[in-house]
Amino acid sequence: MSNVKELLKEKLTAENYDRLMAVDNPKMHQFVADAIELTGPASVFVCTDSDEDRNYIRELAIKNGEEIPLDVPGHTCHFDGYHDQARDKARTKYLLLSGSDLGANLNSIEKEAGTEEVRSFLKNSMTGREMLVCFFCLGPIDSDFSTACVQITDSPYVAHSETILYRSGYEQFRKIGSSPEFFRFIHSEGKLENAVSKNIAQRRVYIDLEENLVYSVNTQYGGNTIGLKKLALRLAINKASKEGWLAEHMFVLGAHGPGGRVTYFTGAFPSACGKTSTSMLPGQTIVGDDIAYLRKKDGRMYGVNVEKGIFGIIREVNPKNDPIIYEALTSPYEVIFSNVLIDGDKKPHWLGMGTELPTEGTNHAGKWHKGKTDSDGNEITASHKNARYCLNIPDLSNRDPLLDDPNGVPVGGVVYGGRDSDTLVPVEQSFNWAEGIIIKGASLESETTAATLGKEGVRTFNLMSNLDFLSIPLGRYIQNNLDFAKDIENPPLVFSVNYFLKDKDGEYLNGMADKLVWILWAELRVNGDVDGIETPTGLIPKYEDLQKLFKEHLDAQYTKTDYVQQFTFRIPENLAKLDRVEKIYKEKVSDTPQILFDTFAEVRKRLKAAGDKYGDYISPFDLAAN
Ligand code: SPV
Ligand code: MN
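Counting from 1, residues in each chain are numbered in the order their sequence is written. Both sets of labels track the order of writing: A upward for chains, 1 upward for ligands. With the structure being a predicted model, the display of local features is reserved for residues of pLDDT at least 70 and the display and counting of side-chain atom pairs for 80 or more, all residues being used for whole-chain, interface and lining totals. Computation of side-chain values: all heavy atoms of the structure, hydrogens and water removed.

A short note on the packing of helix α17 (residues 571-588) against helix α18 (residues 594-614)
To be explicit about the condition: A fitted line through C-alpha atoms serves as each axis, taken over the contacting stretch for helices, and the angle formed by two N-to-C directions is quoted from 0 to 180°. Per the convention used, a helix needs a DSSP run of H or I reaching at least four residues, while a strand needs a run of E reaching at least two, with both numbered from the N terminus. Oblique is the label for any angle not under 35 degrees, not over 145, and not in the 65 to 115 range, which are roughly parallel, roughly antiparallel and roughly perpendicular in turn. Note on convention: the crossing is left-handed when the near helix lies turned anticlockwise from the far helix by less than a right angle, right-handed when the turn is clockwise. When checking whether two residues touch, look at their non-hydrogen atoms; a contact exists if any pair is within 4.5 Å. Residues are grouped as follows: Ala, Val, Leu, Ile, Met, Phe, Trp, Tyr, Cys and Pro are nonpolar; Asp, Glu, Lys and Arg are charged; every other residue, Gly included, is polar.
Put simply, α17 and α18 touch, their axes get as near as 10 Å, and they point 160° apart. For the element pair α17 / α18, the angle class is roughly antiparallel. In this structure, the crossing between α17 and α18 has a hand that is left-handed. Counted together, Ile571, Asn574, Leu575, Leu578, Asp579, Val581, Glu582, Tyr585 and Lys586 of α17 and Leu596, Phe597, Phe600, Val603, Arg604, Leu607, Lys608, Ala610 and Gly611 of α18 form the full contact between these two elements. Looking at the contact of α17 with α18 residue by residue, the classes come out as 11 nonpolar, 2 polar and 5 charged.

What follows is the structure, given as structure tokens:
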């Protein structure tokens, strides 16, 4: 170990060396020393929890051109490269020892070859730059949920984003002493051209599950680089599987019921399918919008947001759809905008912001004017569809008071949602936990969006909205979810929601605001305040209950025609969905639990029986009359 200390002493200033040594963790010291040897930075900055250090990083991002100050104090804009605008699923891989197997659905590479490849891209990648060593804590501080993390990066933009999104963890790291149990991330943006990563063909995100270590190189887009976000989620799913808890792609929301009652929901939706806007529903309180850890205590399920900020999609954020976020984005809080359009007055603009867009400015493609096309002849939109904002949840007026509670919040309901134009009704409760996990979570399908590279609008299987981040075989993951409720006395109720149902002419059957009613109905169900109507797959709301909720919360007349259109149960589509999903489990998932197939068979029987009795399309009034 002495050579590690010698190397650190040689490469770090006395102040930075002392900061590192104050965290008495040899494994962390080794990690930093190895990173220095590998990437060859000009200097090293060790960030503590102080405001001064956070400001230093923020200023550095502006100084190196990765962020541009905007007109409002505290606001900056960052651009990712034109071809670096979303998560790169194809080049994100698990480093696997030969002989081990995660199943056909997870992307992996042989560990030795993959490590060598990614380290070759990291070799001397920080030449002439400052290495930032940052400490964070996933989950509230001093909690069973707390996970210490160290992030090494040469991108002050990445480090700055993390200071907004995560609780600082220098002191937490000191508390874990010499424990080897922490997550490690090393990122380099590689060679830059106009402040964006140049060698995109050599973009790599490689994940070492045995070492709780992730490498990321030649990319800047947050989903590929912000270690604590989707890279940590992959490590956490693996760790949770070994330790008996769950790491999920879920919001955590406080739903406010009658008489001041608050019922907490977690909700899993694929990216860009309404997860953030559900966590921000008017009149409710937000704990988190993206990643939840779930644990059990005294026979109850508790959840935390492992983050404290939002890296949200900015498209369609406007005063009507998202008044609270819009307010935060136009107030002098700390906000990083990414891949929006900047005008000559340094004001940000984005698609769907509710005002007319300028016809020229600067965006992710450089100087932009309306009608500009890229080298493939495609028109470049004013802002990218996956353009984002990064802000602090404590800056939001609807933050939940339990955001930082070390116990987490008790979970009353779990919601699964996807972008589904033709199958599922807007909201339905499962009959029980196991059926919810199997028929709602493990059968989730959604049409693809701009949040990942590739074609949009393709119906894709995405169990629990977590498929992109799974680091264990799918069957084991489903079994873990099933088992999780075993020693819980009253497991949370499980719901599906669908905000994207269309009629035969392709028109949406619901308005954006309606999701509030579905969640508040779920809140009433969790508390036993209303009854439901039985369908072959669960329980749907009664007309009168929805009518009341629409009136009370949206001041809207909810008509019987709306109800019938939205809640008509579609037998052929539901059967087709079961067939599609079952085929995947039969052909592609070798460890599918038998109970999944048994449940599919049972539900298929119910669907057929209902179809025989009522026909293919069943009005909810007919089901209610039963
Ligand atoms: C998502 O795509 O699910 C996000 C943003 O939350 S990313 O950081 O890209 O994962
Ligand atoms: Mn997400």
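Focus: the site of ligand 1
For clarity, the threshold we go by: We define proximity as follows: a residue is near a molecule or strand when any one of its heavy atoms falls within 4 Å of that partner. Only the protein chains shown count as cover for residues, and all accessible areas are computed by the Shrake-Rupley method using a 1.4 Å probe. Domain start and stop positions are those given by an automatic or database domain assignment.
Around ligand 1, the neighbouring residues are Arg87, Tyr221, Gly223, Lys229, Lys230, His249, Ser271, Asp290, Phe311, Arg388 and Ala451. Contact with the protein chains removes 97% of the 280 Å² of surface that ligand 1 exposes when unbound. Split by residue class, the shell around ligand 1 holds 3 nonpolar, 3 polar and 5 charged. Residue-level mapping places the shell around ligand 1 at the junction of two domains, with at least three residues from each of domain 1 (2-66 + 87-243) and domain 2 (247-308 + 401-625).

Things to note about the coordination of the manganese ion (ligand 2)
The criterion, for reference: Coordinating donors are taken to be N, O and S atoms lying within 2.8 Å of the metal, or within 3.2 Å when the metal is Na, K or Ca; because water is excluded from the atom set, some sites may appear incomplete. Burial classes: relative accessible area under 20% of the type maximum marks a residue as buried, over 50% as exposed, and values in between as partly exposed (1.4 Å probe, protein chains only).
Binding of the manganese ion (ligand 2) to the protein goes through Lys230 (NZ), His249 (NE2) and Asp290 (OD), at separations of 2.2 to 2.3 Å. One chain supplies every donor for the manganese ion (ligand 2), spaced along it as K-x18-H-x40-D. Taken together, the residues lysine 230 in helix α9 (residues 227-243) and histidine 249 in the loop between β14 (246-248) and β15 (250-256) connect sequence positions 19 residues apart. The residues lysine 230 and histidine 249 share a single accessibility class, namely buried.

Quick word on the environment of arginine 119
What counts is decided by this rule: Polar contact is the term for a pair of N or O atoms within 3.5 Å; when the atoms are in protein, one must be able to donate a hydrogen and the other to accept it, and sequence-neighboring residues count only if both atoms are side-chain atoms.
Secondary-structure assignment places arginine 119 in helix α5 (residues 111-122). Taking the C-alpha atoms as reference, arginine 119 lies 28 Å from lysine 242; in sequence the two are 123 residues apart. With residues up to four places along the chain from it excluded, the contact list for arginine 119 reads Asp34, Leu38 and Tyr215. At 3.4 Å, the side chain of arginine 119 forms a polar contact with the side chain of tyrosine 215.

Quick look at the domain arrangement of the chain
Our working rule: What counts as buried area is the accessible surface, traced by a 1.4 Å probe, that two parts surrender upon association, with contributions from both included.
On domain assignment, one finds that the chain holds domain 1 (2-66 + 87-243), domain 2 (247-308 + 401-625) and domain 3 (311-395). In this assembly, 14 residues from domain 2 lie in contact with 12 residues from domain 3. Together domain 2 and domain 3 conceal approximately 1100 Å² of surface at their shared face, both sides included; 63% is due to carbon and sulfur atoms. Ranking the residues of domain 2 by area buried against domain 3 places Met280, Lys308 and Ala450 at the top, with a combined share of 41%.

With respect to the sheet that holds strand β3 (residues 75-78)
Within a sheet, adjacent strands bond to each other through the backbone by hydrogen bonds, running parallel or antiparallel. To keep things clear, this is the line we draw: Following DSSP output, two strands are said to pair if at least two bridges run between them.
If you walk across this open sheet you meet the 5 strands as β2-β3-β21-β26-β20, and the pairing is mixed. What marks the edges here is a single partner per strand, and that holds for β2 (68-69) and β20 (309-313).

Considerations on the pairing of strand β12 (residues 204-208)
The buried count for β12 comes to 5 of 5 residues, which makes it a mostly enclosed element. Where burial is concerned, the two faces of β12 agree: the one with Arg204, Tyr206 and Asp208 and the one with Val205 and Ile207 are both buried. The sheet contact formed by β12 and strand β13 (residues 213-217) spans 5 bridges and is antiparallel. Counted as the bridge partner of tyrosine 206 is tyrosine 215 from β13. From the end of β12 to the start of β13, which pair antiparallel, there are 4 residues, and asparagine 212 there has a positive phi angle of about 50°.

Structural notes on helix α6 (residues 156-165)
Of all 10 residues making up α6, 10 are buried, and the element is well covered by its neighbours. Within α6, burial applies to Pro156, Tyr157, Val158, Ala159, His160, Ser161, Glu162, Thr163, Ile164 and Leu165.

Observations regarding the packing of aromatic side chains
Counted only if it meets this: The pairing test for Phe, Tyr and Trp rings, Trp by its six-membered ring, is centres within 6.5 Å, and the orientation test on the planes gives stacked under 30 degrees, edge-to-face over 60, and tilted for anything in between.
Per the counting criterion, the structure on display carries 25 aromatic pairs. An angle of 35° between the planes, with centres 5.6 Å apart, marks the rings of phenylalanine 269 and tyrosine 499 as tilted. Note that phenylalanine 269 is positioned in the loop between β16 (262-268) and α10 (275-279) and tyrosine 499 in the loop between β31 (493-497) and α14 (515-526), a separation of 230 residues in sequence. Among the residues examined, tyrosine 499 registers a relative accessible area of 11% and is labelled buried. Considering the side-chain rings of tyrosine 499 and phenylalanine 500, the 6.3 Å spacing of their centres and the 40° angle between planes classify their relative orientation as tilted.

A look at the layout of surface pockets
Heads up, the condition is: Only protein atoms enter the 1 Å grid used here. Points where a 1.4 Å probe fits but cannot escape make up a cavity, open sets with protein on both sides within 12 Å along at least five of seven lines make up a pocket, and a residue lines them when an atom lies within 4 Å of a point. Grid points are joined across faces, edges and corners, and a volume is the space filled by probe spheres set on the points.
Approximately 460 Å³ is the volume found for the second largest pocket. Lining the second largest pocket are 18 residues, with Tyr82, Gln85, Asp374, His384 and Glu456 sitting closest to its centre. Among the residues forming the lining of the second largest pocket, the class breakdown is 5 nonpolar, 8 polar and 5 charged. Per-domain counts for the lining of the second largest pocket show at least three residues from each of domain 2 (247-308 + 401-625) and domain 3 (311-395).

Here we look at the environment of asparagine 107
Turning to its location among the elements, asparagine 107 is positioned in the loop between β4 (92-96) and β5 (108-110). Asparagine 107 sits in the partly exposed class, given a relative accessible area of 31%. Each C-alpha atom of the pair asparagine 107 and leucine 95 lies 9.2 Å from the other, and the pair is 12 residues apart in sequence. Setting aside residues up to four positions removed in sequence, asparagine 107 forms contacts with Lys89, Ala90, Thr92, Lys93 and Tyr94. Looking at asparagine 107, its side chain comes within polar contact range of the main-chain oxygen of threonine 92, at 3.4 Å.

Considering the pattern of salt bridges
Here is the rule: Salt bridges are defined by distance alone: a side-chain nitrogen of Lys or Arg within 4 Å of a carboxyl oxygen of Asp or Glu.
Throughout the structure, instances matching the rule amount to 41 salt bridges. Ionic pairing is found between glutamate 15 and arginine 19, a salt bridge with its closest N-O pair at 3.4 Å. With a gap of 4 residues between them, glutamate 15 and arginine 19 both fall in helix α2 (residues 14-21), about one helical turn apart. Among the ionic contacts, a cluster of salt bridges with common partners joins Lys229, Lys230, Lys275, Asp290 and Glu307.

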